[in-house]
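Read off the chains here:
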Amino acid sequence: MNAGALIALLLAAALIGLWGLTLWRAARNEARARQSHPPLGRFVHVGGKKLHLLQQGQGPDIVLIHGASGNMRDFTHDLMGRLVTSYRVTVLDRPGLGYSQRLDRNGATIFEQADHLAAAMADLGLRRPLVLGHSYGGAVALAWAARHPSKVAGLVLLAAASHPWNTPLSRYYKVLSHPVGQRLAAPILTAWVPTRVVTDTIAQIFDPQPIPPGYATYIGAGLTLQRGALRENALQRAGILAEINQLVPLYPGLDVPIEILHGDRDTTVGLAIHAIPLSQQVAGAALHIMEGVGHAPHHADPGAVLAAIDRAARRAALR
């Protein structure tokens, strides 16, 4: 064997070893995440798919739908506890995220998620709940109301994505939503990305507000960094723009009370692009602009969110 062939063989062996180490670290990190942040609720099966949800409280029903990259813990950290004395609250992991099973291998659309969640709530006996959606979850809530108007009493939208935007998909999502990227990049991220990178990302989302005390630890960065969650989130994020283009023409037909809360410092989902035109297109929409607030209204001013929920409940004749 000549020197060149030997070097190539050694390099191949090193790459195989490094990839094996990466897969081992990814599996180990996922196991640690599940151990440190176990399921908070129970599992139900809808159409043969497992959905993780938690239900607490008494009163009119409200369903909370989290945004991209997250899980139900975003709501159980604070908001859910404020609601359970007045509402029966159902919080869930969207399909493919947290502990909920993905619907297919192509990334669940906002319409598929809306159908899935509406069916799940009907199975649980929730006939016409209020539906609260944050960010990406707001788009799912709007799709729910558009496709299943008899199965929703009203909407509360927090920094909700609702209209098309003209910025391109980031390289991060382009790579992770590509078949090759899903096989290679996802395990590398799960194995090697330090928690501080996730914490920095959370800080950008909350800006200009600080991260609430204990939130970064409570939310479980490791759950977000699971290979399956990374893949599903990227596919959902890659597809949402086209789906919102399909959703917008349905807005004039919405006939439920809608309370919209949106911060004027939100750089993730812009106020002028989303909330303002939505409020102009839907007769039942009431827009409340939150001065100085970023992308997390329910953490920045939970009192304002509770007041919006109460208004929606009164407008829907649930109180």
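Since the structure is predicted, the reported quantities are computational estimates derived from the model, not experimental observations. (Residues numbered from 1 in each chain as written. Predicted model: local features only at pLDDT ≥ 70, side-chain atom pairs only at ≥ 80, totals over all residues. Heavy atoms only, no water.)

## Structural notes on the overall build of the protein chain
Step number 1: From N to C terminus, the protein chain includes 14 helices and 8 strands.
Step number 2: Relative to a compact globule of 319 residues, whose C-alpha radius of gyration would be 20 Å, the protein chain shows 21 Å and is just as compact.
Step number 3: Overall, the protein chain is about 80 × 40 × 40 Å in size when its C-alpha atoms are taken along their principal axes.
Step number 4: Expressed as a percentage of its 319 residues, the buried residues of the protein chain come to 50%.
Step number 5: Partitioning the contacts of the protein chain with sequence separation of at least 6, the portion at a separation of at least 24 is 78%.
Step number 6: Surface accessibility of the protein chain: about 14200 Å² in total, with carbon and sulfur atoms responsible for 57%.
Step number 7: Distance from the positive charge centre (29 side chains) to the negative charge centre (20 side chains) of the protein chain: 8 Å. (Helix = DSSP H or I, 4+ residues; strand = E, 2+ residues; numbered from the N terminus. Rg over C-alpha atoms; globule rule 2.2 N^0.38 Å. Buried < 20%, exposed > 50% of the residue type's maximum accessible area, 1.4 Å probe, protein only. Contact = heavy atoms within 4.5 Å. Areas by Shrake-Rupley, 256 points an atom, 1.4 Å probe, with all protein chains shown as cover. Lys, Arg positive; Asp, Glu negative; His and termini not counted. Charge placed at Lys NZ, Arg CZ, Asp CG, Glu CD.)

## Digging into empty space enclosed by the protein
Step number 1: Counting across every chain of the model gives 1 cavity of 30 Å³ or more.
Step number 2: Of the voids in this model, the largest cavity is the one considered here, and its volume is about 40 Å³.
Step number 3: Every residue lining the largest cavity is listed: P38, P39, L40, H52, N71, M72, R73, D93, G98, Y99 and L223. (1 Å grid on protein atoms, 1.4 Å probe; cavity = no way out; pocket = protein on both sides within 12 Å on 5 of 7 lines; lining within 4 Å. Points joined across faces, edges and corners; volume = space filled by probe spheres on them.)

## So, helix 8 (residues 195–206)
Step number 1: In this model helix 8 runs 17 Å from its N-terminal to its C-terminal C-alpha over 12 residues, within 8% of the 16 Å that 1.5 Å per residue would give.
Step number 2: Of the residues making up helix 8, those classed as buried are V198, I202 and F206. With its buried residues spanning 80° around the axis, helix 8 presents them on a single face. Set apart from the buried face of helix 8 by more than 90 degrees, the exposed residues are R196 and Q204. (Expected span 1.5 Å × (residues − 1). Arc of directions from axis to C-beta.)

## Things to note about the layout of surface pockets
Step number 1: Roughly 350 Å³ of volume is contained in the second largest pocket.
Step number 2: Lining the second largest pocket are 21 residues; nearest its centre among them are N29, T195, A221, G222 and L225.
Step number 3: Elements that contribute at least two residues to the lining of the second largest pocket include exactly helix 1 (3–36), helix 7 (179–192), helix 9 (215–219) and helix 10 (221–224).
Step number 4: Here the element with the most residues in the lining of the second largest pocket is helix 1; it accounts for 7 residues.
Step number 5: The residue makeup of the lining of the second largest pocket, split by class, is 9 nonpolar, 8 polar and 4 charged. (Nonpolar A, V, L, I, M, F, W, Y, C, P; charged D, E, K, R; others polar.)

## Considering the side chain of H148
Step number 1: Within the secondary structure layout, H148 lies in the loop between helix 5 (136–147) and strand 6 (154–158).
Step number 2: Accessibility expressed as a relative area gives 18% for H148, which makes it buried.
Step number 3: A polar side-chain atom of H148 sits 2.7 Å from a polar atom in the side chain of D115.
Step number 4: Excluding residues within four positions of it along the chain, H148 makes contact with A114, D115 and A118. (Polar contact = N/O pair within 3.5 Å; in protein donor to acceptor, adjacent residues only side chain to side chain.)

## Considering the sheet that holds strand 5 (residues 130–134)
Step number 1: The sheet built from 8 strands is open, its strands ordered 1-2-4-3-5-6-7-8 with mixed pairing. Looking at which strands have only one partner, the edges of the open sheet turn out to be strand 1 (42–46) and strand 8 (285–290). Geometrically, the sheet is characterised by an average inter-axis angle of 25° between neighbouring strands, direction not taken into account.
Step number 2: Bridging between strand 6 and strand 7 (residues 258–263) involves 4 bridges; their strand directions are parallel. In the strand pairing of strand 7, V156 is matched with E259.
Step number 3: Along the sheet, helix 4 (residues 110–123) makes contact with strand 1, strand 2 (49–57), strand 3 (61–65) and strand 4 (88–92), crossing strand 2 at roughly 55°.
Step number 4: Packing of helix 5 onto the sheet brings it into contact with strand 3, strand 5 and strand 6, and relative to strand 5 it is tilted by some 145°. (Pairing = 2+ DSSP bridges. Axes fitted to C-alpha atoms, helices over the stretch in contact; angles between N-to-C directions.)

## Quick notes on a nonpolar patch on the surface
Step number 1: Residues L18, L21, W24, I188 and W192 make up a contiguous nonpolar surface patch of roughly 490 Å² in combined accessible area.
Step number 2: If you list the elements that add at least two residues to the nonpolar patch, you get helix 1 and helix 7.
Step number 3: With 3 residues, the single largest contributor to the nonpolar patch is helix 1.
Step number 4: Here L21 falls in the partly exposed class, since its relative accessible area comes to 37%. (Patch = residues over 30% accessible without salt bridge, like charges linked within 9 Å, V, L, I, M, F, W, Y side chains within 5 Å. Salt bridge = Lys/Arg side-chain N within 4 Å of Asp/Glu carboxyl O.)

## A short note on the packing of helix 4 against helix 11 (residues 227–247)
Step number 1: Contact pair helix 4 / helix 11: the axes reach a minimum separation of 9 Å and the direction vectors enclose 85°. Here helix 4 lies roughly perpendicular to helix 11, going by the angle between them. Contact with helix 4, carried on its side by I110, F111 and Q113, involves Q236, I240, E243, I244, Q246 and L247 of helix 11 and no other residues of that element.
Step number 2: For the contact of helix 4 with helix 11, the residue count by class is 5 nonpolar, 3 polar and 1 charged. (Parallel < 35°, antiparallel > 145°, perpendicular 65-115°, else oblique.)

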